[in-house]
Amino acid sequence: MPSKDPNSDKAHTPADREIEQDVVRRLDEDPGIDASEITTEVADAEVKLTGTVSSKDELERAGSLARGASGVRHVQNDVQATSSAYHRWTNKMPGEEEL
């Protein structure tokens, strides 16, 4: 999983790197989530998750796993469920009308 750009304006502190490693490990090891499209950024013990997952359950699980990492003060979960997940929930694609 990609992490925060080291050349950005907020440099990683050792504590932020540890938090990021813990969050990434938690996401990777959890069998209930495919975290391959999730990006994790940490600054000042605040975690920002972005990317996509295939279901609302995975989206919520990602936030929960990040909040459970040691040292995390706040989680901003900007992960989105994909259209294919919407299709599974509703059996139609976004914008598709019933006939």
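Described below are features of the structure shown in this document.

Thresholds, definitions, all that
- Residues numbered from 1 in each chain as written.
- Predicted model: local features only at pLDDT ≥ 70, side-chain atom pairs only at ≥ 80, totals over all residues.
- Heavy atoms only, no water.
- Pairing = 2+ DSSP bridges.
- Helix = DSSP H or I, 4+ residues; strand = E, 2+ residues; numbered from the N terminus.
- Right-handed = clockwise from strand over helix to strand, strands pointing away.
- Core = buried A, V, L, I, M, F, W, Y, C linked by side-chain atoms within 4.5 Å.
- Buried < 20%, exposed > 50% of the residue type's maximum accessible area, 1.4 Å probe, protein only.
- Contact = heavy atoms within 4.5 Å.
- Expected span 1.5 Å × (residues − 1).

**Quick notes on the pairing of strand S3 (residues 74–81)**
Item 1. Summarising the sheet, strand S2 (residues 46–53) and S3 pair through eight bridges and their orientation is parallel. Looking across to S3, one finds that Val47 is bridged to Val75.
Item 2. Following the backbone out of S2, through helix H2 (residues 56–67) and into the adjacent parallel S3, one traces a crossover that is right-handed.

**Some points on the nonpolar core**
Item 1. Residues Ile19, Val23, Leu27, Ile38, Val47 and Leu49 are the most contacted members of the largest nonpolar core, which totals 18 residues.
Item 2. Of all the secondary-structure elements, those providing two or more residues to this core are helix H1 (14–29), strand S1 (38–43), S2, H2 and S3.
Item 3. Not counting residues up to four positions away in its chain, the partners in contact with Val23 are Thr40, Val47, Leu49, Ala66 and Ala69.

**A short note on the pairing of S1**
Item 1. In the sheet, S1 pairs with S2 via six bridges, with the strands oriented antiparallel. Note that in S2 the partner of Ala43 across the bridge is Glu46.
Item 2. The hairpin turn running from S1 into S2, its antiparallel successor, is two residues long, and Asp44 in that turn takes a positive phi close to 55°.

**Observations concerning H2**
Item 1. In this model H2 runs 17 Å from its N-terminal to its C-terminal C-alpha over 12 residues, within 8% of the 16 Å that 1.5 Å per residue would give.
Item 2. Of the surrounding elements, those touching the buried residues of H2 are H1, S1, S2 and S3.

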